[in-house]
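# Summary of the model geometry
Listed below are the residues making up each chain.
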Amino acid sequence: MEKKYRLLEDDAIIVDGRTLYRIEALRDFADVNIGDKGGYIESEINLSHEGNCWVSGSACVFGDALVSGDACVYGDACVYDNARVYDNARVYDNARVYDDARVYDDARVYGSACILGSAQISNGMITNV
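Residues numbered from 1 in each chain as written. Predicted model: local features only at pLDDT ≥ 70, side-chain atom pairs only at ≥ 80, totals over all residues. Heavy atoms only, no water.

## Comments concerning the environment of alanine 95
Structurally, alanine 95 is set in the loop between β10 (90-91) and β11 (96-97). Put simply, alanine 95 and isoleucine 115 are 20 residues apart on the chain and 8.0 Å apart in space, counted from C-alpha to C-alpha. (Helix = DSSP H or I, 4+ residues; strand = E, 2+ residues; numbered from the N terminus.)

Shown next as structure tokens:
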């Protein structure tokens, strides 16, 4: 598997006592070009190298959270704990997705929304499992 980004160790922030690193694209994919700077992740477990998923802006992904598939997290959004954002989902603005929450399919989470616990959001549907 060819890596699509790298962590910029000289561009880091501290969030909730954790060090998060800005990412930089290593290849072109979707609307991302080689050299583009992304958002912040704690480690490579937070963002898949497969698919067109991306974290951009000031967005943060950390803990055991994972963004995969063609999902995007951007703006000032944060995804953390054991949350998952995948398929073609979008999390943006100041939204928060955490605990064991799942956002998937073509779902959009934005504004100041907080998705937590074991909630699942898909195609705009909210279910609490």
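## Overview of the sheet that holds strand β4 (residues 54-55)
The 4 strands lie next to each other as β4-β7-β10-β13, forming an open sheet whose pairing is parallel. The two strands at the open ends of the sheet, each matched to only one other strand, are β4 and β13 (108-109). For strand β7 (residues 72-73) and β10, the ladder comprises 2 bridges, and the chain directions are parallel. Bridge pairing in β10 places cysteine 72 opposite arginine 90. (Pairing = 2+ DSSP bridges.)

## Points about the sheet that holds strand β5 (residues 60-61)
Taken in spatial order, the 7 strands make up an open sheet running β1-β2-β3-β5-β8-β11-β14, and their pairing is mixed. Each of the sheet's edge strands pairs with one partner strand only, and the pair in question is β1 (5-15) and β14 (114-115). Strand direction decides the pairing type here: strand β2 (residues 18-25) and strand β3 (residues 37-41), joined by 3 bridges, are antiparallel. What sits directly across from glutamate 24, in β3, is lysine 37.

## A closer look at the pattern of salt bridges
Per the counting criterion, the structure on display carries 5 salt bridges. Linking arginine 18 and glutamate 42 is a salt bridge whose minimum nitrogen-to-oxygen distance equals 3.0 Å. Of this pair, arginine 18 sits in strand β2 while glutamate 42 sits in the loop between β3 and β4, and the two are 24 residues apart along the sequence. Here lysine 37 makes a salt bridge to glutamate 24, at a shortest N to O gap of 3.1 Å. Placement of lysine 37 in strand β3 and of glutamate 24 in strand β2 is noted, with a sequence separation of 13 residues between them. (Salt bridge = Lys/Arg side-chain N within 4 Å of Asp/Glu carboxyl O.)

## A short note on the nonpolar core
Counting residues in hydrophobic clusters, the biggest one holds 31 residues, and the most contacted among them are Val73 and Val91. Listing elements by their share of this core, those giving two or more residues are β2, β4 and β15 (119-122). If you look at the next biggest cluster of nonpolar residues, it comprises 8 residues, including Val15, Leu20, Cys60 and Phe62. (Core = buried A, V, L, I, M, F, W, Y, C linked by side-chain atoms within 4.5 Å. Buried < 20%, exposed > 50% of the residue type's maximum accessible area, 1.4 Å probe, protein only.)

## Focus on the pairing of β1
Relative to β2, β1 is paired through 8 bridges, and the arrangement is antiparallel. Looking across to β2, one finds that isoleucine 14 is bridged to threonine 19. Where β1 hands over to β2, the hairpin turn is made up of 2 residues, of which aspartate 16 adopts a positive phi near 50°.

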